[in-house]
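# Structural features, examined
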Amino acid sequence: MTMTMGTVDESQRTLYPYVTGSSVVAIKFKDGILMAADMGGSYGSTLRYKNIERLKPIGKHSLLGASGEISDFQEILRYLDELILYDNMWDDGNSLGPKEVHNYLTRVMYNRRNKFNPLWNSLILGGVKNGQKYLGTVNMIGINYEDNHVATGLGNHLARPILREEWHEDLTFEEGVKLLEKCMRVLLYRDRSAVNKIQISKITEEGATVFPPFSLKTYWEFAAFKNPTAGAEGSW
């Protein structure tokens, strides 16, 4: 709280997000982690921005993807910049791995939730260190878990069933990309906030690579797309 001219200004809280990103989907594959997200930023229900990168390498061993409020994601990236810088200053030959970064993000999200001032994001943190693959997620109130494949937003409902059916431990890079493209195509068809400009990134023992954005091949001539409300009660 701040004092001004004998009055007390109440501290402000973010009551709802403004510019938001849609789902992120990530999987383990044979050599590391693959992650995919589109590049849309929605102002309410308006697709206002179409060039927002939501997949970022963190340190030497980690890759971060975020859905939700874009400015809060930028704040989280500032936190992580400080964390990695502080870790590098020790110059002790060690560096933070993905498990440590995920635990740190879990503490940050839960701490802000307890202050009733949450960061409005769902995060995915994946990485490889010493040959060990790691993939976890945490949401805006600190709920977190690890798995072989994770997703945020509508991806949790639409992409995870596909991944449960088709994911296996020995996926090659090409097979993993094909599986993520299938998930992102379903999200493009069914999620009003999704855009057809996709980014895929990978992280292996050698480091992280964020590939240039591309468009998915789509097919819109399905009968259900032509008259989606046909037969619905009260439809026109």
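Our structure's up above, just so we're on the same page.
Residues numbered from 1 in each chain as written. Predicted model: local features only at pLDDT ≥ 70, side-chain atom pairs only at ≥ 80, totals over all residues. Heavy atoms only, no water.

### Topic: the overall build of the chain
- Counting its regular elements, the chain contains six helices and 15 strands.
- Relative to the compact-globule value of 18 Å for 236 residues, the chain shows a C-alpha radius of gyration of 20 Å, a close match.
- Reported as C-alpha extents along the three principal axes, the dimensions of the chain are approximately 60 × 55 × 30 Å.
- When the 236 residues of the chain are sorted by exposure, 42% land in the buried category.
- A separation of at least 24 residues holds for 62% of the contacts in the chain among residues at least 6 apart in sequence.
- Working note: accessible area of the chain is about 13,500 Å², and carbon and sulfur atoms make up 52% of it.
- Of the charged side chains in the chain, 27 are positive and 28 negative; the average position of the first set lies 4 Å away from that of the second. (Helix = DSSP H or I, 4+ residues; strand = E, 2+ residues; numbered from the N terminus. Rg over C-alpha atoms; globule rule 2.2 N^0.38 Å. Buried < 20%, exposed > 50% of the residue type's maximum accessible area, 1.4 Å probe, protein only. Contact = heavy atoms within 4.5 Å. Areas by Shrake-Rupley, 256 points an atom, 1.4 Å probe, with all protein chains shown as cover. Lys, Arg positive; Asp, Glu negative; His and termini not counted. Charge placed at Lys NZ, Arg CZ, Asp CG, Glu CD.)

### Some remarks on the sheet that holds strand β13 (residues 149-151)
- An order of β13-β4-β5-β14-β15 is seen for the five strands of this open sheet, with the pairing classed as antiparallel. Since the sheet does not close on itself, it has two edges, and those belong to β13 and β15 (207-210), each with one partner. Geometrically, the sheet is characterised by an average inter-axis angle of 15° between neighbouring strands, direction not taken into account.
- Two strands pair when backbone bridges link them, and strand β5 (residues 32-38) and strand β14 (residues 198-204) are joined in this way by seven bridges, in the antiparallel orientation. Each residue of the ladder has a partner; that of Ile33, found in β14, is Ile203.
- Seen against the sheet, helix α5 (residues 173-190) touches β4 (24-29), β5 and β14 and runs at an angle of roughly 25° to β5. (Pairing = 2+ DSSP bridges. Axes fitted to C-alpha atoms, helices over the stretch in contact; angles between N-to-C directions.)

### Section: the side chain of Ser201
- Among the secondary structure elements, Ser201 is positioned in strand β14.
- Exposure remark for Ser201: the relative accessible area of 0% places this residue in the buried category.
- Here Ser201 is in contact with Ile33, Leu34, Met35, Leu55, Leu63, Thr209, Val210 and Phe211, once residues within four sequence places are set aside.

### Topic: helix α1 (residues 70-90)
- In a regular helix each residue adds 1.5 Å, so 21 residues correspond to 30 Å; α1 covers 31 Å between its end C-alpha atoms and thus fits that length.
- Taken together, the buried residues of α1 touch β3 (19-21), β8 (55-58), β9 (62-69), α2 (98-114) and β10 (121-129).
- One or two positions beyond α1, positive phi appears at Asp91, with a value near 50°. (Expected span 1.5 Å × (residues − 1).)

### Quick word on the environment of Ile76
- Within the secondary structure layout, Ile76 lies in helix α1.
- Put simply, Ile76 and Met109 are 33 residues apart on the chain and 9.4 Å apart in space, counted from C-alpha to C-alpha.
- Aside from chain neighbours lying at most four places away, what touches Ile76 is Leu64, Leu105, Met109, Leu119, Asn121 and Leu123.

### Examining the pairing of β4
- Of all six residues in β4, six are buried; the element is thus mostly enclosed.
- Going residue by residue along β4, you find Val24, Ala26 and Lys28 tucked away on one face and Val25, Ile27 and Phe29 tucked away on the opposite face as well.
- Sheet topology places β4 next to β5; six bridges connect them, and they run antiparallel. Residue pairing for β5: Val24 is matched across the bridge by Ala37.
- Connecting β4 to the next strand, β5, in antiparallel fashion are two residues.
- One ladder, built from three bridges, connects β4 with β13; its direction is antiparallel. Within the sheet, the bridge partner assigned to Val25 lies in β13 and is Ala151.

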